[in-house]
Amino acid sequence: MCRNIHQLHNFEPPATSGEIQAAALQYVRKVAGTTRPSQANQEAFDRAVAAVAAATADLLGELVTTAAPKNREEEAAKARARAEKRYAS
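Residues numbered from 1 in each chain as written. Predicted model: local features only at pLDDT ≥ 70, side-chain atom pairs only at ≥ 80, totals over all residues. Heavy atoms only, no water.

Colleague: I'd like to hear about the environment of E75, residue by residue, with values.
Modeller: Looking at the element boundaries, E75 is found in helix α3 (residues 72-87). E75 sits in the partly exposed class, given a relative accessible area of 24%. For the pair formed by E75 and L60, sequence separation is 15 residues and the distance between their alpha carbons is 18 Å. (Helix = DSSP H or I, 4+ residues; strand = E, 2+ residues; numbered from the N terminus. Buried < 20%, exposed > 50% of the residue type's maximum accessible area, 1.4 Å probe, protein only.)

Colleague: Which residues make up the packing of helix α1 (residues 17-32) against helix α2 (residues 42-62), and what values do they have?
Modeller: Where α1 meets α2, the closest approach of the two axes is 8 Å, and the angle between their N-to-C directions is 130°. Here α1 is positioned oblique relative to α2, judged by the angle of their axes. Handedness of the α1/α2 crossing: right-handed. Contact residues: I20, Q21, A24, L25, Y27, V28, R29 and A32 in α1; F45, A48, V49, V52, A53, T56, A57 and L60 in α2. Classifying every residue of the contact of α1 with α2 gives 13 nonpolar, 2 polar and 1 charged. (Axes fitted to C-alpha atoms, helices over the stretch in contact; angles between N-to-C directions. Parallel < 35°, antiparallel > 145°, perpendicular 65-115°, else oblique. Left-handed = near helix turned anticlockwise from the far one by under 90°. Contact = heavy atoms within 4.5 Å. Nonpolar A, V, L, I, M, F, W, Y, C, P; charged D, E, K, R; others polar.)

Colleague: Tell me about the pattern of salt bridges, and name the residues and values.
Modeller: Inspection of the entire model under this criterion finds 3 salt bridges. Residues E19 and R72 are paired through a salt bridge, measuring 3.2 Å at the closest nitrogen-oxygen approach. Of this pair, E19 sits in helix α1 while R72 is found in helix α3, placing the two residues 53 residues apart along the sequence. Given the relative accessible area of 22%, R72 is considered partly exposed. A salt bridge links K78 to E75; the shortest N-O distance between them is 3.3 Å. (Salt bridge = Lys/Arg side-chain N within 4 Å of Asp/Glu carboxyl O.)

Structure follows, in C-alpha cells:
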C-alpha cells in the first residue's frame, strides 16, 4: 500500500514506539488522502493515528514466529539495492 511503511515484525531489536508511530501516521495519511489535515479534521486525524499505533503495537506484541530475527542494516542494504536497480537509468 505505502512504500514508506516498512515491516516491523521480527527484527532485533524490536520495533520502537517511534517506528510504530511513523507507520501509523503514514497509514492514516494514505487513507485520509492528505499529509496535513485541516484544523477541523486535526483531532480526528490524531485519534486515528493513536488508534492505529496502539493496534499495531498490540499486533506486534502478539505475533509469534519461529524464524530468526532479521538484521535492520542487512534489510536496509537489500532495500537500497532494490531501489538502485529499480531507478537505474
